[in-house]
Amino acid sequence: MSFLRLKIILILCLAAPLYGCSFNSETSPSVLVIAVDFLGFNDISCDPNIGLNGFSDFCEESIRFTHAYTPSTMSNAALASIFTGKYPIEHKVWHNGNTSLSAKIETVPEVALKNKFHTSFISGGPPVWSKSGINQGFEYFNDNVDVELNHFYRPAMDNFKLFLNWLDSDSYKESFFSTIYLADLQFPDITTRNDANEERSRTRDSQLREIDESLSYLIKELKRRNRWNSTYVVLVGLNGPPQPTDEIENSAYSLSQHSCQLTY
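Residues numbered from 1 in each chain as written. Predicted model: local features only at pLDDT ≥ 70, side-chain atom pairs only at ≥ 80, totals over all residues. Heavy atoms only, no water.

Side note on the nonpolar core
Part 1 of the argument: Ranked by internal contacts, the top residues of the largest apolar core, which has 30 residues, are Leu79, Phe83, Phe121, Phe177 and Leu238.
Part 2 of the argument: Elements that contribute at least two residues to this core include exactly β1 (30-36), α3 (75-84), α5 (108-114), β5 (176-182) and β6 (231-237).
Part 3 of the argument: Of all the elements, α3 adds the most residues to this core, at six residues.
Part 4 of the argument: Ignoring any residue separated from it by four or fewer positions in sequence, one finds Phe121 in contact with Leu79, Phe83, Val128, Ile134, Phe138, Tyr140, Phe141, Asn142, Thr179 and Tyr181.
Part 5 of the argument: Membership of the second largest hydrophobic core comes to 28 residues, among which are Ile44, Phe176, Leu185 and Val233. (Core = buried A, V, L, I, M, F, W, Y, C linked by side-chain atoms within 4.5 Å. Buried < 20%, exposed > 50% of the residue type's maximum accessible area, 1.4 Å probe, protein only. Helix = DSSP H or I, 4+ residues; strand = E, 2+ residues; numbered from the N terminus. Contact = heavy atoms within 4.5 Å.)

Laid out in structure tokens, this is it:
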């Protein structure tokens, strides 16, 4: 599937509840985007026997795009495309450095806010900070990550709990448009623990399992609040994991299939 077709589908999915003539914050379904850095197509299996129950729960109740491609391997650029439906050449966010999204470009969260949706963005860490301009249209933008020695991100579970706290305090029973950015897969050398408080090995697979258990928790809590069936939940990889390359191009910028093919 080309990005042009994908972005039309995704923007319609996100914006349809916001633009309808009869929709308002009391009757419209909510939208939650869970954006995961370094989550490629081969990272997720819908087979529950694999042991990734959170991801398999999504498979049971969702539509999965198996041929989706990101317009950029840079996280901020990919998020800008999701929120605007534009290519990087149009929205001008090229990388994760000092370029930022122009306030002149209207975003989906800005449309949501105009239609009286509550809006929130919770960033789990680098490179997604408010200075990127991604904060446009969000009433609540939390990128206050406590940076410690060798620990530069906020784990998935903590991000989900922050979102649920916000939901309970500001948006309960009302429609919302929210995004949660997960940076966990960038840090395979950080120790994680499972639900039984057992220490996992320091690997990328361990971080993937941490995200999976956190997703199971989030789904359970949304169902407990009677919000699961009234919310469009979009789980998206912003880019695939960097792959070693023999080319002159830096692997982080490589537009190879492994870096660009995603799971939606």
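Quick notes on the pairing of β6
Part 1 of the argument: Burial runs high along β6: six of the seven residues are buried.
Part 2 of the argument: In this sheet, β6 lies alongside β1 in parallel orientation, the contact comprising seven bridges. What sits directly across from Leu32, in β6, is Val233. (Pairing = 2+ DSSP bridges.)

Points about the sheet that holds strand β4 (residues 140-142)
Part 1 of the argument: Across the sheet, which stays open at both edges, the five strands sit in the order β4-β3-β5-β1-β6 with parallel pairing between neighbours. Looking along the sheet, the strands with just one partner apiece sit at the ends: β4 and β6. Taking the axes of each pair of neighbouring strands and ignoring which way they run, one obtains an average angle of 10° across the sheet.
Part 2 of the argument: The sheet contact formed by β1 and β5 spans six bridges and is parallel. (Axes fitted to C-alpha atoms, helices over the stretch in contact; angles between N-to-C directions.)

Looking at the packing of aromatic side chains
Part 1 of the argument: Tallied over the full model, the rule gives 12 aromatic pairs.
Part 2 of the argument: Ring centres of Tyr153 and Phe187 lie 4.8 Å apart, and the angle between their planes is 5°; on these two criteria the pair is classed as stacked. Residue Tyr153 is located in the loop between β4 and α6 (156-171), and its partner Phe187 is located in the loop between β5 and α7 (204-224); the two are separated by 34 residues in the primary sequence. The burial state of Tyr153 is the same as that of Phe187; both residues are buried.
Part 3 of the argument: A ring pair is formed by Trp166 and Phe176, whose centres lie 6.2 Å apart and whose planes are at 90°; its orientation type is edge-to-face. Of the two residues, Trp166 is situated in helix α6 and Phe176 in strand β5; the sequence distance between them amounts to 10 residues. For the residue pair Trp166 and Phe176, the accessibility class agrees, reading buried in each case.
Part 4 of the argument: Taken together, the ring pairs in this structure connect Phe83, Phe121, Phe138, Phe141 and Phe177 into an aromatic cluster.
Part 5 of the argument: The ring centre of Tyr217 lies 6.0 Å from the NZ or CZ of Lys161, which sits over that ring. (Phe/Tyr/Trp six-rings, centres within 6.5 Å; stacked < 30°, edge-to-face > 60°. Lys NZ or Arg CZ within 6 Å of the ring centre and 35° of its normal.)

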